[in-house]
Amino acid sequence: IQRVLQKEWWVFGGRYVSPAARRNILVLDQFDLPLIRADGSLHVVEIKQANVPALVRRHRNHVIVGQEIHEAVSQTINYLRSLDEAQPHIKTTLGIDCRRAFATVVVGHPTFVPGFTEDEIAETIRTYNSHLSRIEVITYKDLIDGAARVLSLTRGPTDSIENLDDGEPS
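Described below are features of the structure shown in this document. (Residues numbered from 1 in each chain as written. Predicted model: local features only at pLDDT ≥ 70, side-chain atom pairs only at ≥ 80, totals over all residues. Heavy atoms only, no water.)

Quick notes on the nonpolar core
- Grouped together as the largest cluster of nonpolar side chains are 31 residues, with contacts concentrated most on I25, F31, L42, L55, I69, L83 and V137.
- Mapped onto this core, the elements with two or more residues apiece are β3 (41-47), α2 (67-94), β6 (97-106), α3 (118-129) and β7 (135-138).
- The greatest single-element share of this core, amounting to seven residues, is contributed by α2.
- Not counting residues within four places of it along the chain, the set of residues in contact with L55 comprises V65, G66, I69, V107, G108, H109, V113, I121, I125 and T139.
- Within the second largest apolar cluster, 14 residues are counted, among which are V11, L33, V106 and Y140. (Core = buried A, V, L, I, M, F, W, Y, C linked by side-chain atoms within 4.5 Å. Buried < 20%, exposed > 50% of the residue type's maximum accessible area, 1.4 Å probe, protein only. Helix = DSSP H or I, 4+ residues; strand = E, 2+ residues; numbered from the N terminus. Contact = heavy atoms within 4.5 Å.)

Have a look at this one:
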């Protein structure tokens, strides 16, 4: 999936202008998908597995995110801290502004999470995200749904995937 997302980075939305020229912006870390935002700042995408059965779990009377999300967010927090610390060097040598770096963690899909509805999973992750400031956690379903919305905006009201023309004027 990572190779596909590196080629089709547009699925993350219109606020990105290109992937960064290199994945190893930091000496000891390699980002799955570093994107350059329209304002010139760096956005790091951390790609995890889609099949994560323990994406969320019950804790007392509530549903909370599972260990896989906690670990991915912790990994991403470390990336952001390292970017902050190396910002002057990165700006000088690579021309990338990482002072305002943000990150997205893509992990799990509701299809693989038994015992929970899509709404429960989405609400749990939305609540978790509300307490993060520079990182957003999304599922592959969120990513796919967002890409489908982008594609639907590029087609006219009578177009469908089955009857798109070959680009020739009629």
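Concerning the pattern of salt bridges
- Evaluation of the coordinates by the stated rule reveals eight salt bridges.
- With a shortest N-O distance of 3.8 Å, R58 and E120 are connected by a salt bridge. With R58 in strand β4 (residues 56-59) and E120 in helix α3, the pair connects residues that are 62 residues apart, well separated along the chain.
- For E120, a relative accessible area of 26% gives the class partly exposed.
- With a shortest N-O distance of 2.6 Å, D145 and K141 are connected by a salt bridge. (Salt bridge = Lys/Arg side-chain N within 4 Å of Asp/Glu carboxyl O.)

Comments concerning α3
- Taking 1.5 Å per residue, 12 residues should reach 16 Å; α3 reaches 16 Å between its end C-alpha atoms and fits that length.
- Within α3 the residues assigned to the buried category are I121, T124, I125, Y128 and N129. Looking straight down α3, one finds its buried side chains confined to an arc of 135°; they lie on one side. Exposed residues on α3 whose side chains face more than 90 degrees from its buried face are D119 and R126. (Expected span 1.5 Å × (residues − 1). Arc of directions from axis to C-beta.)

Some details on the pairing of strand β2 (residues 33-37)
- Counting buried positions over the five residues of β2 gives five, a clear majority of the element.
- Burial along β2 is two-sided: L33, L35 and R37 facing one way and P34 and I36 facing the other are all buried.
- Two strands pair when backbone bridges link them, and β2 and β3 are joined in this way by four bridges, in the antiparallel orientation. Across the sheet, P34 pairs through a bridge with V44, a residue of β3.
- Counting the residues that bridge the hairpin from β2 to β3 gives three residues, and of these G40 lies at a positive phi of roughly 90°. (Pairing = 2+ DSSP bridges.)

What to know about the side chain of N129
- Mapped onto the elements, N129 comes out in helix α3.
- At 2.8 Å, the side chain of N129 and the backbone nitrogen of V137 are in polar contact.
- Every residue in contact with N129, bar those within four places of it in the chain, is listed here: I135, E136 and V137. (Polar contact = N/O pair within 3.5 Å; in protein donor to acceptor, adjacent residues only side chain to side chain.)

Considering the packing of aromatic side chains
- Under the criterion given, the structure shown has one aromatic pair.
- On the basis of an interplanar angle of 75° and a centroid distance of 5.1 Å, the ring pair of F31 and Y79 is categorised as edge-to-face. Here Y79 lies in helix α2 and F31 lies in the loop between β1 (16-19) and β2, a separation of 48 residues in the sequence.
- The class for Y79 is buried, based on a relative accessible area of 7%. (Phe/Tyr/Trp six-rings, centres within 6.5 Å; stacked < 30°, edge-to-face > 60°.)

Everything listed here is a matter of geometry and, on its own, says nothing about what the molecule does.
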